[in-house]
Amino acid sequence: MRRTMIAAAVAVSASLLAAGCSGSTTTTTTDNGTGSGTKEAGSTDKASHQQGGSLTIANVQGQTWTCQFNPFNPAVNSVALGFVYEPLVYVNLLQDQKETPMLASSYQWAADKKSIVFTVRSGVKWSDGQPFTAEDVAYTFDVMKRVPSTDLYSLWTGAGLKSVTAAGDKVTLTFGQAAGPYFFNFANQVGIVPKHVFSTGPAAEHPDTWADPKPVGTGPYTVDPCSANNIQYVANPGYWQPGKPYLSKLQYPAYLDNGPANLDLAGGKAQWGSQFIPNIAALYLNKSKENHTWSPPVTNVGIVPNLDPSRPATSKLAVRQAIALAIDRQRIALIGEGGQQPAANQTGIVVPTFQKYYDRAAVAAAGYDKPNPDKAKGLLAGLGYTEANPLKLTIITITGYTDWDASLAVVKQQLKPVGIDLTVSDLAQQTFDDRLYNGDFDLAYYGQAGGPTPYYELRQMLYSKNSAPIGKPASFNYGRYLDPEVDALFDQYPAADDAGQVDIVKKVGAAMLRDIPIIPTTESVNWFQYNTADIAGWPTESDPYAQPAAFNVPDVEQLLLHLYSKSAQK
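Being a predicted model, the structure only gives us computed values, none of them experimental.

Conventions we followed
Residues numbered from 1 in each chain as written. Predicted model: local features only at pLDDT ≥ 70, side-chain atom pairs only at ≥ 80, totals over all residues. Heavy atoms only, no water. Disulfide = S-S within 2.5 Å. Helix = DSSP H or I, 4+ residues; strand = E, 2+ residues; numbered from the N terminus. Buried < 20%, exposed > 50% of the residue type's maximum accessible area, 1.4 Å probe, protein only. Pairing = 2+ DSSP bridges. Axes fitted to C-alpha atoms, helices over the stretch in contact; angles between N-to-C directions.

**Brief notes about the state of the cysteines**
Evaluated as defined, the whole model comprises one disulfide. Shown here is the disulfide that connects Cys 67 with Cys 226, its sulfur atoms set 2.0 Å apart. Residues Cys 67 and Cys 226 share a disulfide whose torsion about the S-S bond is about -90°; that sign makes it left-handed. Separated by 159 residues along the polypeptide, Cys 67 in the loop between strand E1 (54-58) and strand E2 (89-92) and Cys 226 in strand E8 (residues 221-226) bring together distant segments of the chain. Among the residues examined, Cys 67 registers a relative accessible area of 18% and is labelled buried.

Take a look at the structure:
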C-alpha cells in the first residue's frame, strides 16, 4: 500500500537515492547536491548474479489496478517510477543523501547553485528500441512547465526553475535563485519520459491524465500484461545495465485488504511486503525463519483538515486546536499501530531522525506535549458544541488500511467526550485520491513522502503553490493552507546555511503549533517485510541502500537492481 505519497510527489521534496548495495562495491558520491557527482555507483556496478526467478509483491492498494502508468499522475506513478521510468540520479534518504547516478552519468553545479549541467548516460535505449537522449530530459521538464499539474514538485512555480535546455549529451537547468535543496526533487523524483511518445496524440494533449497503458521506459522492467487483478512486470531485455535486473518476472497482485496480503506473506506466497501486520511476531515472523521485517520511520501520518472557507467547521482554528488537544497520540500509536509506529508531535518533525530541527520547549509552551481534553472541551463549548450537542465531522480514509481504521477508531473514541461526533468513511484508493486532491472532504487521514530534512515534507504540505482552488487537484497541499509568511520561509531555505535552515524549519514548526494546518498522529514507518527462502539482496538496517517499501519510488528500483533468486544461481 502506498501509505505515504512518496511517489506522488512532495512538492520539491520526496525520495532520494541510495547507493551501497549488498554484495557489491560502490563508488557512490555523498555530494548531496552541493558539488559534482561521480560517474558510477553501487546499483550500476557490473552484474554479479545469474538472471532468473520471480518475486511477488504484497502491498495493499484497497482497489484493483487501473493499469495506468503515467509518471506525471501521482495516483498511479508508484507502479511506474522505478519499475519502468527512471530518474537522473537516485538519492538515499536513509544514507545521508548518498547518490547513485542513473540516467545522468554525472552533473556539475555552477558556483552560485543557480544552474546545473547533467551529462546524460550514453548507450541507453527506451524499451521500444529508440535511443534515449538529452532531448528526452529537456522535454520532460518542458511538459511540467506547459502543464502545471504535472509539475508535482512546483519546480517551475516555486523553486525558481527558469529554463531547461539540451545540447549534445548535456542538459542545463537554470534557476532564478540558489536551487541546491531542490536537487532531491528534480534529479531524484522526476521520471524521465520519451519525447517520441509524449509529444504526440493524447499524451501530448493531456500529459497529466493520459493513461499510458503500455509504458515505454528506460527502466529495468516492462509491463506485460496488466489486468485489474495483477500487474506482471518482465525484465527489460534491452536494459542499459547488462545482466540486470536479476529477477525475470515480478507479480504485483491487487490486494483489497491487509488480511489476504498478510496471509500470503506469512505463507511465503508473497516475498516482499509493505504494509501493517498486526501482532507481527505471531502472525508473520514466527511462521518461518525466512520471514523478516525492518521498517524505518521517515515521515508522519495524520489528520488533514480542510482549511478552505467553504468548510465552516474545519476552517475554524478553534476546532483544529480542539482536535489536536483531544487526541492521545501515544494510545493511537500503541493501539492503532500495535506499537510498530511511534507517536508523532504537533510540529511534524520526525524524531529522533531529525532531532536537531525539533523544538521540544515550543511544543510544551503551546500545550501540545500531552493530551488536554478539558481545554479541547472548552474550545468547542465556546462554539456551542458539547458531547450532548456534538460537532459532526467526517474523515475520509482508504479502505483496507486496517491499521488506519484502528487508529481512527481510537481518534473517534477520544473526540467523542470533548464534543465531536466523528464518522469514518472508508473509500477505494482512487476515490480517496480524487476527493483528497480536489478538496472534497472535512478531514482526511493521510501521510506524505518525506525527504532528507523535514523541510521537504513540510513544504509539500504547507507551501501555497502546492495547493489549488477547491475542485481542482492540488499537488500536495491538500488542506489548502495559505500563509505568505510561511511561504517566505520556504523560499528563504535554499539560500540559507545549515544553521539558517535549521532555524527556518523550527519557524515552520512554530506555524504548525500556531495554525494547526495538519494534525500528525503517528510517525510513519517504511513498512517492510521480506522472505529470504529464495530471494536475496534485501536492504537491511545495517545496509539501508534504499527505503525498503514497495511504495517508495524511485527507491523501488534500487531493490529491483539488487534482488536475485538463489535457485537461479544453481
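**Structural notes on the sheet that holds strand E14 (residues 391-398)**
Backbone-to-backbone hydrogen bonds pair the strands of a sheet. The strands run either parallel or antiparallel. A sheet is described by the order of its strands in space; here five strands give the open sequence E15-E14-E16-E13-E17, paired in mixed fashion. Every other strand in the sheet has two partners, leaving strand E15 (420-427) and strand E17 (519-525) as the edge strands with one partner each. Here the strands of the sheet are splayed against their neighbours by 25° on average, with no regard to which way each runs.

**Regarding the pairing of strand E13 (residues 297-305)**
Of all nine residues that make up E13, eight are buried, and the element is covered over most of its length. Taken together, the six bridges between E13 and E17 define a ladder with antiparallel strand orientation. Across the sheet, the residue bridging to Thr 299 is Ser 524, located in E17. As paired elements, E13 and strand E16 (residues 443-446) share four bridges and run antiparallel to each other. Note on E16: the bridge partner recorded for Ile 303 is Tyr 445.

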